[in-house]
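So you can see what is in the structure, the chains are spelled out below.
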Amino acid sequence: YSFATRGVPAVLVTTFLHADYHKPSDEVRRIDADKVARIARLVFFAAQRVAGGAKPEWTEAGRAAVH
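Computed from a predicted model, the values in this text were never measured in an experiment.

Side note on the side chain of Asp20
Within the fold, Asp20 resides in the segment before α1 (33-51). In terms of polar contacts, Asp20 uses its side chain to reach the side chain of Arg30, at 2.9 Å. With residues near it in sequence (within four places) discarded, Asp20 still touches Ser25, Asp26 and Arg30.

Written as structure tokens, this is what we have:
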């Protein structure tokens, strides 16, 4: 987020799982394994496209989201 707010392309992957995320009250049973797998596939395919030469670029909507 720090990079993105300064115009540097950056990747932040999160699902903002639930209100107790990363708090002492968080519990393993709350993990949605299917959702984790879908996010992992999304990140993999995005990274694969970039590695293959696709050039990520900002959109106006993306810029607005970080300002």
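Things to note about the packing of aromatic side chains
Inspection of every chain in the model, using the stated rule, returns 1 aromatic pair. Summarising the aromatic geometry, the rings of Phe44 and Phe45 are spaced 5.1 Å apart at their centres and angled 70° between planes, so their arrangement reads as edge-to-face. Phe44 sits in the partly exposed class, given a relative accessible area of 48%. On the accessibility criterion, Phe45 (47% relative accessible area) is partly exposed.

Regarding the pattern of salt bridges
A side chain with one charge can pair with a side chain of the opposite charge if their charged atoms come near. Across all of its chains, the model carries 2 salt bridges by this definition. Ionic pairing is found between Arg30 and Asp20, a salt bridge with its closest N-O pair at 2.9 Å. In this pair, Arg30 sits in the segment before α1 while Asp20 sits in the segment before α1, placing the two residues 10 residues apart along the sequence. Taking the relative accessible area as the measure of exposure, Arg30 reaches 34% and is therefore partly exposed. With a closest N to O distance of 2.5 Å, Arg29 and Glu27 form a salt bridge. Note on Arg29: relative accessible area 64%, which makes it exposed.

Basis of the calculations
Throughout this description, residue numbers start from 1 for each chain and increase along the sequence as written. Only residues with pLDDT of at least 70 are given local features in this predicted model, and only at 80 or more are side-chain atom pairs given and counted; all residues enter the totals for whole chains, interfaces and linings. Hydrogen atoms and water are omitted, and side-chain values are computed over all heavy atoms in the structure. Secondary structure follows DSSP: runs of H or I at least 4 residues long count as helices, runs of E at least 2 residues long count as strands, and numbering of each begins at the N terminus. Each polar contact in these results corresponds to two N or O atoms within 3.5 Å; when the atoms are within protein, one needs to be able to donate a hydrogen and the other to accept it, and residues that are neighboring in sequence are counted only if both atoms are side-chain atoms. In this analysis, two residues are considered to be in contact whenever any of their non-hydrogen atoms come within 4.5 Å of each other. By convention, a stacked pair of Phe, Tyr or Trp rings (six-membered ring in the case of Trp) has centres within 6.5 Å and planes under 30 degrees apart, an edge-to-face pair has planes over 60 apart, and any other such pair is tilted. Burial status follows relative accessibility: with a 1.4 Å probe on protein chains alone, a residue under 20% of its type maximum counts as buried, one over 50% as exposed, and anything between as partly exposed. Every case where a carboxyl oxygen of Asp or Glu lies within 4 Å of a side-chain nitrogen of Lys or Arg is listed as a salt bridge.

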